Amino acid sequence: MRLMFRILIGMASAVLLAMPLSAQMPGFGTNDDIAFGDALWRALEQDNLVGDDAIMSRPYEGSQPHGNKLVTLEADVTVNGQRNEVIIKHNYGGEGATIEAVSDNPSQYLMATTVMFRRAGFDADNKDWFWAKYLPDGSYDKAPNGNALVGKGPGCIACHTAAPGEDMVFLNNRY
Ligand code: HEC
């Protein structure tokens, strides 16, 4: 009897461990996240922070998972009436993506745009960052389980927790 009980407990924990990350983290890639992420993309477009005419600066050498060449922009944007801090990282790559080539023709090498927006009251445990990984057309990249990468990105948070300064930001400690 006892053995049976142990086996059952063992099976139950194996199932829990095998659950996809998103099932343990409600609030990732939900309809609300997608609606807010769409509004965020429009705000970035309006302020020329994404899109063909986006503000550009010289790319620097990147590392995984963010790509081969990177451009990082920091600004304030208004999303659904809320003006707050945003960090935009354009990820460039592909064959021939040298710093010169990307500088000359950014749209040709753009692979993805990862964004952190400070959304008041969204996720107090993680500095209220709202995370998104957009493809160049403003749609979302997908997590391995098929969820849109927008909202409380569990993968993003797991890695960015290690950033110095306890603000989840690697490049500086201004936040
Ligand atoms: C395995 C670790 C890792 C994961 C996962 C990760 N990042 Fe990052 N991220 C970094 C590192 C390291 C940097 C600094 C890289 C640089 O620009 O030189 C960075 C930089 C950034 C920046 C610029 C601000 C900063 O922290 O310096 C943004 C915005 C960003 N990441 C968004 C995201 C989003 C959105 C996701 C999830 C879809 C994500 N990241 C997943 C490691 C990670």
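Q: An account of the overall build of the chain is requested, with residue identities and associated values reported.
A: In terms of regular secondary structure, the chain is built from 6 helices and 6 strands. In sequence order, the secondary structure elements of the chain are arranged as α-α-α-β-β-β-α-α-β-β-β-α. Across the 175 residues of the chain, 27% fall into the buried class. A separation threshold of at least 6 residues defines the contact pool for the chain, and within that pool the share at least 24 residues apart is 48%.

Q: I'd like a description of the nonpolar core, backed by residues and values.
A: Formed by 26 residues in total, the largest nonpolar core has its most connected members in Leu40, Ile88, Val115, Phe117 and Ala132. For this core, the secondary structure elements donating two or more residues are helix 3 (31-46), strand 2 (69-79), strand 3 (82-92), strand 4 (110-118) and strand 5 (129-134). The dominant element in this core, judged by the number of residues it contributes, is strand 5, at 5 residues. In contact with Phe117, not counting residues within four places along its chain, are Leu40, Val79, Asn84, Val86 and Phe130.

Q: Quick rundown of the confidence of the model for the chain? Include the residues and the values.
A: For the chain, mean pLDDT is 88; residues scoring 70 or higher make up 85% of the total. When mean pLDDT is taken per element in the chain, strand 5 scores highest with 98 and helix 2 (residues 21-24) scores lowest with 44. Ignoring residues within four places in sequence, the model shows residues 7-24, a span with pLDDT below 50, making 8 contacts including any to other chains.

Q: Which residues make up the site of the ligand, and what values do they have?
A: Around the ligand sit 23 residues, and of these Thr114, Cys156, Cys159, Phe170 and Leu171 come closest. Breaking the shell around the ligand down by element, the ones donating at least two residues are strand 2, strand 3, strand 4, strand 5 and helix 6 (154-160). The leading source of residues in the shell around the ligand is helix 6, at 4 residues. Of the residues that constitute the shell around the ligand, the class distribution is 14 nonpolar, 7 polar and 2 charged.

Q: Please set out the sheet that holds strand 5 residue by residue, giving values where relevant.
A: Spatially, 6 strands are ordered 1-2-3-4-5-6 in an open sheet, and the strand pairing comes out antiparallel. In this open sheet, the two strands that pair with only one neighbour each are strand 1 (60-61) and strand 6 (150-151). Here strand 2 pairs with strand 3 via 11 bridges, running antiparallel. Bridged to Thr78 within strand 3 is Arg83. Against the sheet, helix 3 touches strand 2, strand 3, strand 4, strand 5 and strand 6, its axis set at about 100° to strand 2.

Q: Any details on the environment of Asp53? Residues and values, ideally.
A: The topology assignment puts Asp53 in the loop between helix 3 and strand 1. Asp53 gets classed as exposed once you count the C-beta atoms within 10 Å, which come to 9. Put simply, Asp53 and Pro106 are 53 residues apart on the chain and 9.9 Å apart in space, counted from C-alpha to C-alpha.

Conventions used here
- Residues numbered from 1 in each chain as written.
- Predicted model: local features only at pLDDT ≥ 70, side-chain atom pairs only at ≥ 80, totals over all residues.
- Helix = DSSP H or I, 4+ residues; strand = E, 2+ residues; numbered from the N terminus.
- Buried ≥ 20, exposed ≤ 12 C-beta atoms within 10 Å, placed from the backbone.
- Contact = placed C-beta atoms within 7 Å.
- Core = buried A, V, L, I, M, F, W, Y, C linked by C-beta atoms within 7 Å.
- pLDDT = per-residue confidence, 0-100.
- Near = placed C-beta within 6 Å.
- Nonpolar A, V, L, I, M, F, W, Y, C, P; charged D, E, K, R; others polar.
- Pairing = 2+ DSSP bridges.
- Axes fitted to C-alpha atoms, helices over the stretch in contact; angles between N-to-C directions.

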